[in-house]
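A look at the structure
Each chain, written out:
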Amino acid sequence: MRIARVTGSVSGTVKDGRLTGQKLLVGDVVDTNDVILEPSQVVTDICGAGLGDRVLLARGSAARVPSETSGVPTDDTAVMIIDEITVNNQPTYQAGTD
């Protein structure tokens, strides 16, 4: 699993039918200090994330395990909105404080 910061969204009318009803986000994969490791990844969203949220990403085949994304052509799914990240007993991220 990876951490991502939501930076936008993607939409389109003509698409694979299995994407119908899926919310697609753009996010930067980041480390615990918010340093970008992989920019502009498109991910399916099953947790209702929005701009600026940090999310936990399931990747690869794990991205298609949740019932909402079973059979969907996706490599990354946002499965949780992160409230807080703590490393070595030090908070590095707290939702709502950026």
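Structure: above.
The model shown is predicted, which means the values in this text are computed figures rather than measured ones. Each residue is numbered by its place in its chain's sequence as written, counting from 1. pLDDT decides what is reported in this predicted model: residues at 70 or higher carry local features, side-chain atom pairs at 80 or more are listed and counted, and totals for whole chains, interfaces and linings draw on all residues regardless. Heavy atoms throughout the structure, all of them, feed into the side-chain values; hydrogens and water do not.

1. Focus: the pattern of salt bridges
Short version of the rule: We define a salt bridge as a contact between a side-chain nitrogen of Lys or Arg and a carboxyl oxygen of Asp or Glu at a distance within 4 Å. Segments assigned H or I by DSSP are reported as helices when at least four residues long, segments assigned E as strands when at least two residues long, and all are numbered from the N terminus. Relative accessibility under 20% of the residue-type maximum defines a buried residue, over 50% an exposed one, and the middle range a partly exposed one, all with a 1.4 Å probe and only protein chains included.
Summed over all chains, the structure comprises nine salt bridges. Asp 34 is the partner of Arg 54 in a salt bridge, and the nearest nitrogen-oxygen pair spans 3.4 Å. You can see Arg 54 sitting in strand S4 (residues 54–59) and its partner Asp 34 sitting in the loop between strand S2 (23–30) and strand S3 (36–45), a full 20 residues away along the chain. Its relative accessible area of 30% is what places Asp 34 among the partly exposed residues. For the salt bridge of Asp 76 with Arg 59, the shortest nitrogen-to-oxygen distance reads 2.5 Å. Here Arg 59 lies in strand S4 and Asp 76 lies in strand S5 (residues 76–81), a separation of 17 residues in the sequence. On the basis of relative accessible area, Asp 76 is assigned to the buried category, the value being 5%. For Arg 59, a relative accessible area of 26% corresponds to the partly exposed category.

2. Regarding the nonpolar core
Just so we agree on the cut-off: Nonpolar cores are built from buried Ala, Val, Leu, Ile, Met, Phe, Trp, Tyr and Cys residues. Side-chain atoms within 4.5 Å join them into one set. Note on contacts: a residue pair qualifies if any of its non-hydrogen atoms lie within 4.5 Å across the two residues.
Membership of the largest hydrophobic core is limited to nine residues, which are Ala 4, Val 6, Leu 25, Val 29, Val 43, Ala 49, Val 55, Leu 57 and Ala 78. Within the residue set of this core, elements represented by two or more residues are strand S1 (2–10), S2 and S4. When sequence neighbours within four positions are dropped, the list of residues in contact with Val 6 reads Leu 25, Val 26, Gly 27, Ala 49, Gly 50, Leu 51, Gly 52, Asp 53 and Val 55. Within the second largest apolar cluster, five residues are counted, among which are Ile 3, Ile 82, Ile 85 and Tyr 93.

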